[in-house]
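Residues per chain are reported as follows:
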Amino acid sequence: MEVHAIMKNVPMSAQKMREMVRQIQGLPALRAQAVLKVVPRKSERFVAKTLASAMANAENLRSEWKANEIQQKANGFRSQAENTRNRKRGSALRRKVAVLEEFLASSNQLAPGKLWIKEAVAGPALIIKRITPKARGSAGPILKRRCHVKITLSDE
């Protein structure tokens, strides 16, 4: 079972963020949090927040969903997918059914000690463009870069 969290429009370049994200990729989630606490970089704060959000999402799924309720939701989505004529809606409902069945089939069911970072990605986002005056009346660009951070946790 996979759980993810995304932090969008972080005011930092993706290149600087990738340095931090690469350090935690493939680690157990609890160990990655410990690693992030000792790193003295600005990007650490944003990556740690995203990781904490992903772990909270996993805990939310684990604590609030009972097996009976999940099975009922999956059956409801399955029947809706069979009865709809809209292809996009039907495929979205089938994806939801697959996620719910994957959760039921998972042996660990998102236990915090068993979570590890499957994927940690920092990609570019909106670039705010400004100008600054240069010599002889020309203008020089100022690019204020931003990035998105995505962390995917898995228990398998």
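In this report, we go over the structure that sits alongside the text. In this convention, every chain numbers its residues from 1, walking through the sequence in written order. Where totals are concerned, whole chains, interfaces and linings use all residues; where local detail is concerned, this predicted model gives features only for residues with pLDDT of at least 70, and gives and counts side-chain atom pairs only at 80 or more. Side-chain figures throughout are based on the complete set of non-hydrogen atoms in the structure, without hydrogens or water.

1. Looking at the pattern of salt bridges
Opposite charge on two side chains lets them pair, provided their charged atoms get close.
Thought 1: Between Lys or Arg on one side and Asp or Glu on the other, a salt bridge is scored when a side-chain nitrogen of the former is within 4 Å of a carboxyl oxygen of the latter. Under the counting rule described, the total for this entry stands at three salt bridges.
Thought 2: A salt bridge links Glu19 to Arg41; the nearest nitrogen and oxygen atoms lie 2.9 Å apart. With Glu19 in helix 1 (residues 14-24) and Arg41 in the loop between helix 2 (29-37) and helix 3 (42-64), this residue pair connects regions lying 22 residues apart in the sequence. Helix and strand assignments come from DSSP, with helices taken as H or I runs of at least 4 residues and strands as E runs of at least 2, each series counted from the N terminus.

2. Comments concerning the side chain of Ser154
Thought 1: Secondary-structure assignment places Ser154 in strand 5 (residues 147-154).
Thought 2: For the exposure calls, accessible area comes from a 1.4 Å probe over protein chains only, and a residue counts as buried if that area is under 20% of its type's maximum, exposed if over 50%, partly exposed in between. For Ser154, a relative accessible area of 2% gives the class buried.

3. Section: the sheet that holds strand 5
Within a sheet, neighbouring strands are paired by backbone hydrogen bonds and run either parallel or antiparallel to one another.
Thought 1: By this definition, two strands are paired if DSSP reports at least two bridges between them. Strand order across the open sheet formed by three strands is 1-5-2, with antiparallel pairing between neighbours. The sheet is open, and its two edges are formed by strand 1 (2-10) and strand 2 (116-124), each paired on a single side. Put simply, the sheet's adjacent strands are angled 10° from each other on average, direction ignored.
Thought 2: Contacts are residue-level and defined by heavy atoms, with any inter-residue pair within 4.5 Å sufficient. Every axis in this analysis is a line fitted to C-alpha atoms, fitted for helices over the stretch in contact. Angles between the N-to-C directions lie between 0 and 180 degrees. Against the sheet, helix 1 makes contact with strand 1, strand 2 and strand 5, and its axis sits at roughly 175° relative to strand 2, the strand it touches most.

4. Here we look at a positive patch on the surface
Thought 1: A contiguous patch of positive charge on the surface is contributed by Lys16, Lys42, Arg45 and Lys49.
Thought 2: For the positive patch, the element with the highest residue contribution is helix 3, accounting for three residues.
Thought 3: Looking at the secondary structure, you find Lys16 in helix 1. Exposure above 30% relative accessible area and the absence of a salt bridge qualify a residue for a patch, where like charges join within 9 Å and nonpolar side chains (Val, Leu, Ile, Met, Phe, Trp, Tyr) within 5 Å. Using the Shrake-Rupley algorithm and a 1.4 Å probe, accessible areas are obtained, with residue cover drawn only from the displayed protein chains. In this charge count, Lys and Arg are treated as positive and Asp and Glu as negative; neither His nor the chain ends contribute. Here the site of a charge means atom NZ of a Lys, CZ of an Arg, CG of an Asp or CD of a Glu.

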